[in-house]
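So the chains spell out like this:
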Amino acid sequence: MLEVSGLTVRFGGITALDGVGFTVDAGQMVGLIGPNGAGKTTLFNCLTRRYRADEGTIRYAGTDLMSVAPYAIVKLGIARTFQNLGLFPGMSVRDNVLVGAHGRTRAGFLSAGFRLPSVRREEARLRAEVDGLLRRLDLDDVADHPAAGLPFGTLKRIEMARALAAEPRLLLLDEPCNGLSHGEVDEFAALLRDLREERDLTVIVVEHHMGFVMGTCDRVACLEFGRKIAEGTPAEVQNDRAVRDAYLGTAA
């Protein structure tokens, strides 16, 4: 489904990604790990075209992503969450999630402005779909509540719901367990496994919580200083000397 080859990104004199390459098969859940500053979020920003790579290629389901406009990425079936929550605090939970479905709307400027019957029907359909999604993620009780002031774990689920509202084939999760308690991490892992099966998702997750990554992902890739230093099954990566050195350091 996804093939990244020789991806290089430079910010002035800093090389954030240095020739990174990996593949993701349809239906897989791949973990992307590495110390802070390793280039993980930069990679996500390249996949969603927020950043323009200096070198390399990204192919998604046969499409050259480097030639796709950033606003068109979601229409290809790619959605993401953000490390720092990107919700609209003054909007209701339902409306935050509805934003994620915007890429699936067909109404144009004039038809939406005149509130034509086709627009009203489309809005009703999307609201019904979003309400079902809110129930699935146990968010229906706060559907009409503004996002501001809700618990952090709830906000994480709202972000997930917004991404799922786009009906993606490839879901990119940027540190979904950050700030969650141990129990919430276990609940999220179980939810993600179920959603993966229910929605036939392919998932790439950036995460520092090693228990979550090693217990949930099929394959794991590790970055350090913008380079991929290891890739394989969770067991293979756990036992890789370069990975242990990257996280724990080496003896003086």
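It should be noted that the structure appears before, not after, this text.
Remember, it's a predicted structure, so these values are computed and weren't measured experimentally.

Caption draft 1: Inspection of the overall build of the chain at higher detail. Each helix and strand in the chain was counted, giving 9 helices and 10 strands. Each of the three principal axes of the chain carries a C-alpha extent, and together these read 70 × 40 × 30 Å. Across the 252 residues of the chain, 46% fall into the buried class. Accessible area for the chain stands at about 12,400 Å²; split by element, carbon and sulfur atoms hold 50% of it. Distance between charge centres in the chain, computed from 30 positive and 33 negative side chains, equals 6 Å.

Caption draft 2: Representation of the sheet that holds strand 7 (residues 170-174) within the structure. Taken together, the 6 strands give an open sheet; going across it, the order is 6-7-8-3-9-10, and neighbouring strands pair in mixed fashion. With one partner strand each, in any of the chains shown, strand 6 (78-80) and strand 10 (227-232) form the two edges of the open sheet. Here the average twist between neighbouring strands, direction ignored, is 15 degrees. Two elements, strand 9 (residues 219-224) and strand 10, share 5 bridges in a ladder whose sense is antiparallel. Each residue of the ladder has a partner; that of Leu223, found in strand 10, is Lys228. Lying over the sheet, helix 5 (residues 152-164) contacts strand 6 and strand 7, oriented at roughly 160 degrees with respect to strand 7.

Caption draft 3: The arrangement of the packing of aromatic side chains in detail. Taken as a whole, this structure holds 2 aromatic pairs when the rule is applied. On the numbers, 5.4 Å between centres and 75 degrees between planes, the contact of Phe11 with Tyr51 is edge-to-face. Separated by 40 residues along the polypeptide, Phe11 in strand 1 (residues 2-11) and Tyr51 in the loop between helix 1 (40-47) and strand 4 (55-60) bring together distant segments of the chain. The class of Tyr51 is partly exposed, set by a relative accessible area of 31%. Relative to Phe212, the ring of Phe188 lies with its centre 5.9 Å away and its plane at 40 degrees, an arrangement referred to as tilted. Here Phe188, found in helix 6 (residues 182-199), pairs with Phe212, found in helix 7 (residues 210-216); they are 24 residues apart in sequence, far enough to count as distant. Neither residue differs from the other here; Phe188 and Phe212 are each classed as buried.

Caption draft 4: Representation of the pattern of salt bridges. In this structure the tally under the stated criterion is 14 salt bridges. A salt bridge links Arg136 to Glu198; its shortest N-O distance comes to 2.8 Å. With Arg136 in helix 4 (residues 117-136) and Glu198 in helix 6, the pair connects residues that are 62 residues apart, well separated along the chain. When its relative accessible area of 49% is taken as the criterion, Glu198 is described as partly exposed. The residue Arg162 makes a salt bridge to Glu159 at a minimum N-O spacing of 2.8 Å. Pair noted here: Arg162 and Glu159 are both in helix 5, with a separation of 3 residues, about one helical turn.

Caption draft 5: Quick look at the nonpolar core. Core analysis: the largest hydrophobic core is formed by 47 residues, its most contacted members being Leu137 and Phe212. Contacts of Phe212, omitting those with residues within four sequence positions, involve Cys177, Val185, Phe188, Ala189, Leu192, Val205, Glu207 and Cys217. Grouped together as the second largest cluster of nonpolar side chains are 29 residues, Ala38, Ala53, Ile204 and Ala221 included.

Caption draft 6: Quick peek at the pairing of strand 8 (residues 202-206). Across the 5 residues that make up strand 8, a large majority, 5, are buried. Residues Thr202, Ile204 and Val206 line one face of strand 8 and the alternating positions Val203 and Val205 line the opposite face, and both faces are buried. Here strand 3 (residues 29-33) pairs with strand 8 via 4 bridges, running parallel. Note on strand 8: the bridge partner recorded for Leu32 is Val206. With respect to chirality, the unit in which strand 7 leads through helix 6 into the neighbouring parallel strand 8 is right-handed.

Each value, and the rule that gives it
- Residues numbered from 1 in each chain as written.
- Predicted model: local features only at pLDDT ≥ 70, side-chain atom pairs only at ≥ 80, totals over all residues.
- Heavy atoms only, no water.
- Helix = DSSP H or I, 4+ residues; strand = E, 2+ residues; numbered from the N terminus.
- Buried < 20%, exposed > 50% of the residue type's maximum accessible area, 1.4 Å probe, protein only.
- Areas by Shrake-Rupley, 256 points an atom, 1.4 Å probe, with all protein chains shown as cover.
- Lys, Arg positive; Asp, Glu negative; His and termini not counted.
- Charge placed at Lys NZ, Arg CZ, Asp CG, Glu CD.
- Pairing = 2+ DSSP bridges.
- Axes fitted to C-alpha atoms, helices over the stretch in contact; angles between N-to-C directions.
- Contact = heavy atoms within 4.5 Å.
- Phe/Tyr/Trp six-rings, centres within 6.5 Å; stacked < 30°, edge-to-face > 60°.
- Salt bridge = Lys/Arg side-chain N within 4 Å of Asp/Glu carboxyl O.
- Core = buried A, V, L, I, M, F, W, Y, C linked by side-chain atoms within 4.5 Å.
- Right-handed = clockwise from strand over helix to strand, strands pointing away.

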